[in-house]
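Okay, here's what each chain looks like letter by letter:
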Amino acid sequence: MEIKNWLKPLFLSDQEKAYAKHYMRTNNRLAIVAALILVLFVMGYIMPSILIHAALSLFGGAPGTTNGEKVASLFISICILAYVLPMYQFRFLMKRSSSDLYLSLPIERKRLFYVHYLIGLLYMASVAVLEYIPVAFYYYGNRIGITIDSTWHAPLYGTSETLITTLLLLVIFLVLGICLYTFFTCFIVRCHTMLDGILICAIYTLLPLIIFYSMGFFLSNISNELLYSVESYHFSYMSPLANILVALTSLPWQMNAWVRLFFEPTITTDYTCMLLGMELLVWLILGVICYRNASNYFVHLKSEDSEQPTKSPLTYPILIPLVTFQLLLIIGKGKLISFMICILFVCYLIAHFFAQRKITIHVRMIAIYGALVLTSSALHHWLVRTNLFAMIYEIPQGDEVELIRLEIIDQNLNYYVSADITNQTVKEDILQAHAQWLPYTTKEQSWNYIQGHITICYLLTNGEYVNRYYLFDEAGITHLQTLVEQWEKEDVIEYLDDGAYHPTQDGDTADPADTAG
Amino acid sequence: MIELCHVYKCLGKKQVLRDVNMQIKDGTIFGLIGPNGAGKSTLLRLLSGIYRCDGGKILLDQERIFDHQEAKKQILFVSDEPFQFFHASLKDMKDFYAKWYEIDDALYYQYLQMFHLDENKALKNFSKGMKRQAFILLGLSASVRYLLLDEAFDGLDPLMRRHFKHVISQRIAQGSMSVIIASHDLKEMEDLCDSFAMLENGTVRCGGDLQDALAQVHRIQLAFDQEVQREWFKELDVVTMKIKSRVVNLYIRGNVEKAEAYLQTLQPLILEILPVNLEEMFIQEILHDKEEAL
């Protein structure tokens, strides 16, 4: 009986049901959106690789393609619906006359919110299920080697396992979609105009990406300042953290990883599974928090604010400084820093003018910007002084290195080495040599004379990669040549590239096939 | 009965209503009058539970209205800019309202015939006046205790106004509905309303039973054989006074017999007491404030 009472709010009353039915029947435009999404789905079906690769190249994540990625369009459709539906369902808040009508109706605000939320959710689920049917057909047929194009009755020969797999995938995508829909709803109810709604949701969509990449640039700048290596990509030392960040924020990564988990379980690691579980949990928690927050906000919202500039703290007031701060981190400590700070200040002011819908400068705006500039600079100095909390080091420990991939190019002497080293003694030699060549390196990339460079990649025992790239000036090249000749004499290098030129024992260049050990 | 106790409301930084107290009895036509920006529409939105008051309380039969389903079921608000759905006809809107309120179909079709409105025509093709007719018609067809009409006569031609006044009076006579109207059209309001409240700068300037209120204000024309002095009328509760040489026009409050007796002692050549209508009362009350401010 108690459970029944607890569940009661989830069900609609007769009056609410009647209203929901009427709403769905009279909102034909929803059907148009569905048709558009179905068109998109078909397009996604035709060119799934293009879509998924574009998304992956933007967001990072697991490389390579799988057949499972063909369901990308299903996931993308769900994401688009999650973005569009809250705006459609709560658009009445953004116009005074419609807000008057809806909020004067004899229904508690909490219930009105729930009914509109639920209609959107049901709509998203229906479209997803409609799109799922061809996906299921595809896999059902594909598992036994018959493509959907060859015979319409291919699904009849599928196995129940494939059906369950695709069905489970649909459920997971839907859960993620619902969480995303709730997330956007939370911001839409705070927006007083449709334009603000579209912008705020778009910024929140891109925010994880902006944060991820600005932090990437910021930490890379620090790495470059601290390391001899140029173009250091800090994530090579921070990959667990970076991967978690990608997993929690990047929807394409999640989609790709889930598909792999279901369709190519052999290449899915425990680490990925752990991340997926964590990410699903994070989105579920976020969904619950956003629902409660949106519902409470809706109950207390001031309808007189509709058509007015959006002022909720979770919208422009937090987003403008946050995005500005991220951009300040990207600027780093370049030569044009003063100019860039000025340009950014102008953008910051324009954003505020837009948010306020009037051109007024408050002292607070300037003070906040000043504080952001100082904070970003202070953070940079602090992290440099602490060596990024001692997380940055030039050379990994010998016992954590599994393989070394070495590439040496001295264009001055037409010198080219490309090799994989697994031998323990040589690995130690190289680690020692790595420390020795550091004083000969330069960070100045010169276009006037030809430089030499070494790219060294350590594959660590935990499966992570550490990449270092060093430039050598003319003085350094001699040192480099000595090193390589010594390795050549010891015959310890396994050449990878048949076309590479490298010194023979006599010092001449020869075909690698003759000398590879 | 609807009661407003010490109601305050701010819109943005502007204090729109301050310490508003009033009672709206059942079975009456209540008029909300006041100059532009006095807070009439805000008050109607508070009464219909769209806005929440910042201070004080609004009660319907001792229950708060805001976010209270049962209370709101008894109130239907027709705003000055009624919202219609995309491509919706009057029938569509009726269907929508019917999900929330009990609509009397017989009355609806009777009114439809009376006002010659096509229920299947898209409302966006209606003129402003026709759209207003359509929504008032919907409101009158609903079985609610309180019908709130914002700028009810805006855009209606004189004939239609007469029709509506007749229909509203008829609906009240049936005894099941009270109508609260906010309007600038004081002539129509005077014909229609039983009671009223005059809002000015967010407060209730005056109010109560309309006829009683009108009986309390008097216009007196006086002519003297000498220049008129303002000091002569200090004894009276003067709302406004206009002196032109030896002729004076007075708007006074209070007992007219006493005032007349006093004025006779000033030995005027002419003393004429004229009836005051709502529009005159409104203008004089507003002018009084302005004169005081000056």
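Please read all numbers here as calculations on a predicted model, not as lab measurements. (Residues numbered from 1 in each chain as written. Chains lettered and ligands numbered in written order. Predicted model: local features only at pLDDT ≥ 70, side-chain atom pairs only at ≥ 80, totals over all residues.)

Quick notes on the overall build of chain A
Broken down by element type, chain A carries 19 helices and 8 strands. Among the 517 residues that make up chain A, the fraction classed as buried is 36%. Restricting to contacts in chain A with at least 6 residues of sequence separation, those with at least 24 account for 74%. (Helix = DSSP H or I, 4+ residues; strand = E, 2+ residues; numbered from the N terminus. Buried ≥ 20, exposed ≤ 12 C-beta atoms within 10 Å, placed from the backbone. Contact = placed C-beta atoms within 7 Å.)

Section: the overall build of chain B
A count of helices and strands for chain B gives 10 helices and 14 strands. Principal axes of the C-alpha set define a box for chain B whose edges measure 70 × 40 × 35 Å. The buried share of chain B, reckoned over its 294 residues, is 38%. Sequence separation of 24 or more characterises 68% of the internal contacts of chain B that already satisfy a separation of 6 or more.

Notes on the nonpolar core
In this structure, Leu47, Leu76, Leu147, Leu148, Ile180 and Ile181 of chain B are the most contacted members of the largest nonpolar core, which totals 83 residues. Broken down by element, the residue count for this core peaks at 7 residues, all from helix H5 (residues 128-141) of chain B. When residues are assigned to domains, this core turns out to be shared by domain 1 (2-201) and domain 2 (215-293) of chain B, each giving three or more. Those residues in contact with Leu76 of chain B, other than ones at most four positions away along the chain, are Tyr101, Gly139, Ala142, Val144, Leu147 and Leu148 of chain B. Ala128, Leu174, Ile188 and Trp283 of chain A belong to the second largest nonpolar core, which has 48 residues in total. (Core = buried A, V, L, I, M, F, W, Y, C linked by C-beta atoms within 7 Å. Domains from an automatic or database assignment.)

Considering the domain arrangement of chain B
Residue and element names in this part refer to chain B. By the assigned domains, chain B splits into domain 1 (2-201) and domain 2 (215-293). With centres defined by C-alpha atoms, the gap from domain 1 to domain 2 works out at 37 Å. Across the boundary between the two partners, domain 1 contributes 8 residues, which contact 7 residues of domain 2. Counting residues per element, the ones that place at least two in the side of domain 1 that touches domain 2 are helix H7 (186-192) and strand S9 (195-200). No other element matches the 4 residues that H7 contributes to the side of domain 1 that touches domain 2. In terms of residue class, the side of domain 1 that touches domain 2 is made up of 5 nonpolar, no polar and 3 charged. (Nonpolar A, V, L, I, M, F, W, Y, C, P; charged D, E, K, R; others polar.)

Let's talk about the confidence of the model for chain B
For chain B, per-residue confidence averages 88 on the pLDDT scale, and residues scoring 70 or more make up 98% of the total. Here the predicted complex carries an ipTM of 0.89, next to a pTM of 0.80. (pLDDT = per-residue confidence, 0-100.)

Focus: H5 of chain B
Residue and element names in this part refer to chain B. Compared with an ideal rise of 1.5 Å per residue, which puts 14 residues at 20 Å, H5 spans 20 Å between its outermost C-alpha atoms and is within 8% of the ideal. The element H5 is extensively covered by neighbouring structure, given that 11 of its 14 residues are classed as buried. The set of residues buried in H5 consists of Met130, Arg132, Gln133, Ala134, Phe135, Ile136, Leu137, Leu138, Gly139, Leu140 and Ser141. Looking at the buried positions of H5, the neighbouring elements they touch are strand S6 (75-78), helix H3 (90-98), helix H4 (105-114), strand S7 (146-150) and helix H6 (158-173). (Expected span 1.5 Å × (residues − 1).)

Here's the deal with the environment of Gln226 of chain B
Within the secondary structure, Gln226 of chain B is located in the loop between strand S11 (217-223) and strand S12 (237-244). Linking Gln226 of chain B and Glu260 of chain B, residues 34 residues apart in sequence, is a C-alpha distance of 19 Å.

Topic: the confidence of the model for chain A
All names here are of chain A. Across chain A, pLDDT averages 76, with 69% of residues at or above 70. Considering only residues more than four positions removed or in separate chains, one finds that residues 143-158, a stretch of pLDDT under 50, has 22 contacts. This stretch, residues 234-240, has a pLDDT under 50; its non-local contacts, to residues over four places away or in other chains, come to 13 contacts.

Side note on the pairing of strand S13 (residues 247-253) of chain B
Residues and elements named next belong to chain B. Here S11 pairs with S13 via 7 bridges, running antiparallel. Bridge pairing links Arg219 to Tyr251 in S13. Hairpin remark: S12 followed by S13, antiparallel, with 2 residues in the connecting loop; positive phi at Ser245, about 55°. (Pairing = 2+ DSSP bridges.)

With respect to unusual backbone geometry
All names here are of chain B. Positive phi values are uncommon outside glycine, yet His6 reaches one of about 50°. By the secondary structure assignment, His6 is in strand S1 (residues 2-11). Positive phi, close to 55°, is recorded for Asp67, a residue that is not glycine. Mapping Asp67 onto the fold places it in the loop between strand S5 (63-64) and helix H2 (69-72). What makes Asp67 partly exposed here is the crowd of 18 C-beta atoms within 10 Å.

Looking at the packing of helix H14 (residues 337-356) of chain A against helix H15 (residues 363-385) of chain A
All names here are of chain A. In the contact formed by H14 and H15, the axes pass within 11 Å of each other and the chain directions differ by 140°. One way to sum up the angle between H14 and H15 is to call them oblique. Regarding H14 and H15, the two cross each other, and that crossing is right-handed. Here Ile341, Phe345, Tyr348, Leu349 and His352 of H14 come into contact with H15, specifically with Met365, Tyr369 and Val373. Looking at the contact of H14 with H15 residue by residue, the classes come out as 7 nonpolar, 1 polar and no charged. (Axes fitted to C-alpha atoms, helices over the stretch in contact; angles between N-to-C directions. Parallel < 35°, antiparallel > 145°, perpendicular 65-115°, else oblique. Left-handed = near helix turned anticlockwise from the far one by under 90°.)

A look at the environment of Leu438 of chain A
Residues and elements named next belong to chain A. Of note, Leu438 is situated in the loop between helix H17 (424-437) and strand S3 (441-442). Look at Leu438 and you get partly exposed, because 16 C-beta atoms sit within 10 Å. Expressed as a C-alpha distance, the spacing of Leu438 and Tyr470, which sit 32 residues apart in the sequence, is 8.2 Å. Setting aside its immediate chain neighbours within four residues, Leu438 contacts Tyr228 and Glu394.

Quick notes on the interface of chain A and chain B
Contact with chain A, which involves 19 residues of that partner, is made by 21 residues of chain B. Only helix H2 (14-26) and helix H6 (96-103) of chain A provide two or more residues apiece to the side of chain A that touches chain B. In terms of residue class, the side of chain A that touches chain B is made up of 8 nonpolar, 7 polar and 4 charged.

Some thoughts on the sheet that holds S6 of chain B
Residues and elements named next belong to chain B. Within the open sheet, the 6 strands sit side by side as S6-S7-S8-S3-S9-S10. Their pairing is mixed. The two strands at the open ends of the sheet, each matched to only one other strand, are S6 and strand S10 (203-209). Ignoring which end each strand starts from, the neighbouring axes of this sheet average 15° apart. Pairing analysis gives 5 bridges linking S7 to strand S8 (residues 178-182), with the strands arranged parallel.

Description of the sheet that holds strand S14 (residues 270-274) of chain B
Residue and element names in this part refer to chain B. With respect to topology, 4 strands assemble into an open sheet ordered S12-S13-S11-S14, the strand pairing being antiparallel. If you trace the sheet from one side to the other, it starts and ends with S12 and S14, each paired once. This sheet shows a mean twist of 15° between the axes of neighbouring strands, independent of strand direction. Pairing analysis gives 7 bridges linking S12 to S13, with the strands arranged antiparallel. Its bridge partner lying in S13, Val238 is registered against Ile252. Lying over the sheet, helix H9 (residues 256-264) contacts S11, S13 and S14, oriented at roughly 165° with respect to S14.

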